[in-house]
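# Structural features, examined
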Amino acid sequence: MTDHATSLPAGGQSVGSLIYDPKARSIFFQVATIAIMTFIVWTIANNTIENLARSNTATGYDFLNGRAGFDIGQTLISYSSDSTYGRAILVGLLNTILVAVTGIITATIIGFMIGIGRLSKNWLIAKLCTVYVEAFRNLPPLLVIFFWYSGVLSTLPQPRDSLELPFSTFLNNRGLAFPKPIWGDGASMIPIAIVVGIIAAIVVARWAKARQMRTGQPFPTGWVSLALILGLPILTFLAAGAPLTFDYPVASRFNMTGGAVIAPEFVALYLALSFYTAAFIAEIIRAGIKGVSKGQTEAASALGLQPSTTTRLVIVPQAMRIIIPPLTSQYLNLTKNSSLGVAVGFPELVSTGGTTLNQTGQAIEIVSIWLVVYLSISIVTSLFMNWFNARMALVER
């Protein structure tokens, strides 16, 4: 009888069996992928080095110490044309963070209001909220920015014809001028009082929660926290002798002098991103609330809770586990969309970096700075939202 047994290699496994082995195939494809990616990266790096050498372009980040030579309209820190390129990029970064933080807060508030309004039993409110959502969701964000900048803010009067608002505030097509606060001696204690008030409010909130879980008795945490966060700094301000004066804006024939000014470019970008992102947040809020079982509302009604109390204490806390993950994506989108401010001349990160690139020619370095900054902001935002999501998760007993 002929022996048909297939001879095995030294490893004890045939070539055919290795091909059909899932583990072997997985290792092969991973090694192949790493090899291909390494080749692509090496090719790009090699071509870049050759092109830079051919064009005699210097590399490195030493240019950040050079004189910028250009002015920036809106800054959160001191800056002049004699400042360095690095400081100019820092100014753009701070302006980007300013737009992102203020936009996220405003978009969240508007989105919650519109999302709950879409579920209102009032026909008019529900339809108006629906129109808002459908209108903004189907418009490109750049068009919304141009609408606010060219269609609304540019139609405001000239500085000599400024609209005079209460508290020595003036509104014109160059921005909103308002009294500039000037802090005196002892004012450094006020930020410390704010931090202490926030820490005290957190401690009180945890104590109140533990007390309610133990005894079932509620505690006015909101009012006490508000008193600590606002009252303690106010008392510190008064105890320091009220070290605050104001530099008031004055309307002249051709311009405004004195005070502080919020540039129309910032206002246009801030309002556009806030209203645009709020439309998407509203749909997330509506979907999250609809995802809560109807029985929860019925049970709350059976206990005699008012509809507003039911929404605030029963429905929204349960909907948060559905809302937070997609809400994170909208926050990241708003932050990245802040780069559209370059279209209206707002000095955010891309704008100041682009000007630096045009003057120095350091394209690779500037682009790498953009990549690192936006990636870092996105990672920090995601980590915070993941932590918040874990805190809001429902604990089953």
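Up top you'll find the structure we're talking about.
First things first, this report covers the structure right here in the doc. (Residues numbered from 1 in each chain as written. Predicted model: local features only at pLDDT ≥ 70, side-chain atom pairs only at ≥ 80, totals over all residues. Heavy atoms only, no water.)

Moving on, we get to the pairing of strand β3 (residues 175-178). In this structure, strand β2 (residues 169-172) lies alongside β3, joined through 3 bridges in antiparallel fashion. Of the residues in β3, the one forming a bridge with Leu171 is Leu176. Connecting the antiparallel pair β2 and β3 is a turn made up of 2 residues. As judged from the 3 bridges shared by β3 and strand β8 (residues 260-262), these two strands associate in the antiparallel manner. Among the inter-strand pairings, Ala177 is bridged to a residue of β8, identified as Val261. (Pairing = 2+ DSSP bridges. Helix = DSSP H or I, 4+ residues; strand = E, 2+ residues; numbered from the N terminus.)

Pairs may arise between side chains of opposite charge once their charged atoms sit close together. Tallied over the full model, the rule gives 4 salt bridges. In this structure, Glu283 engages Arg118 in a salt bridge whose closest nitrogen and oxygen atoms are separated by 2.3 Å. Residue Glu283 is located in helix α8 (residues 264-290), and its partner Arg118 is located in helix α3 (residues 85-118); the two are separated by 165 residues in the primary sequence. Arg118 carries the same exposure label as Glu283, and that label is buried. (Salt bridge = Lys/Arg side-chain N within 4 Å of Asp/Glu carboxyl O. Buried < 20%, exposed > 50% of the residue type's maximum accessible area, 1.4 Å probe, protein only.)

Let us now look at the packing of aromatic side chains. Evaluated as defined, the whole model comprises 15 aromatic pairs. Ring plane angle 90° and centroid distance 6.3 Å describe the contact between Trp183 and Phe237, whose orientation is recorded as edge-to-face. Of this pair, Trp183 sits in strand β4 (residues 180-183) while Phe237 is found in helix α7 (residues 221-239), placing the two residues 54 residues apart along the sequence. (Phe/Tyr/Trp six-rings, centres within 6.5 Å; stacked < 30°, edge-to-face > 60°.)

Ile114, Tyr132 and Ile323 are the most contacted members of the largest nonpolar core, which has 44 residues in total. At the level of elements, α3, α4 (123-137), α5 (141-152), α8 and α10 (307-337) are the ones that each hand at least two residues to this core. Per-element accounting of this core gives the leading share, 15 residues, to α8. The contacts of Tyr132, once residues within four sequence positions are left out, are Ile110, Ile114, Phe275, Ala278 and Ala279. Ala68, Tyr85, Ala88 and Tyr374 belong to the second largest nonpolar core, which has 16 residues in total. (Core = buried A, V, L, I, M, F, W, Y, C linked by side-chain atoms within 4.5 Å. Contact = heavy atoms within 4.5 Å.)

One non-glycine residue with positive phi stands out, namely Ser168, at about 55°. Secondary-structure assignment places Ser168 in the loop between β1 (163-165) and β2. The class of Ser168 is partly exposed, set by a relative accessible area of 31%. In this structure, Ala242 takes a positive phi of about 50° despite not being glycine.

Read from one edge to the other, the open sheet built from 4 strands follows the order β1-β2-β3-β8, with strand pairing classed as antiparallel. A strand with exactly one partner marks an edge of an open sheet, and here the two such strands are β1 and β8. For this sheet the average axis-to-axis angle between neighbouring strands, irrespective of direction, equals 25°. (Axes fitted to C-alpha atoms, helices over the stretch in contact; angles between N-to-C directions.)

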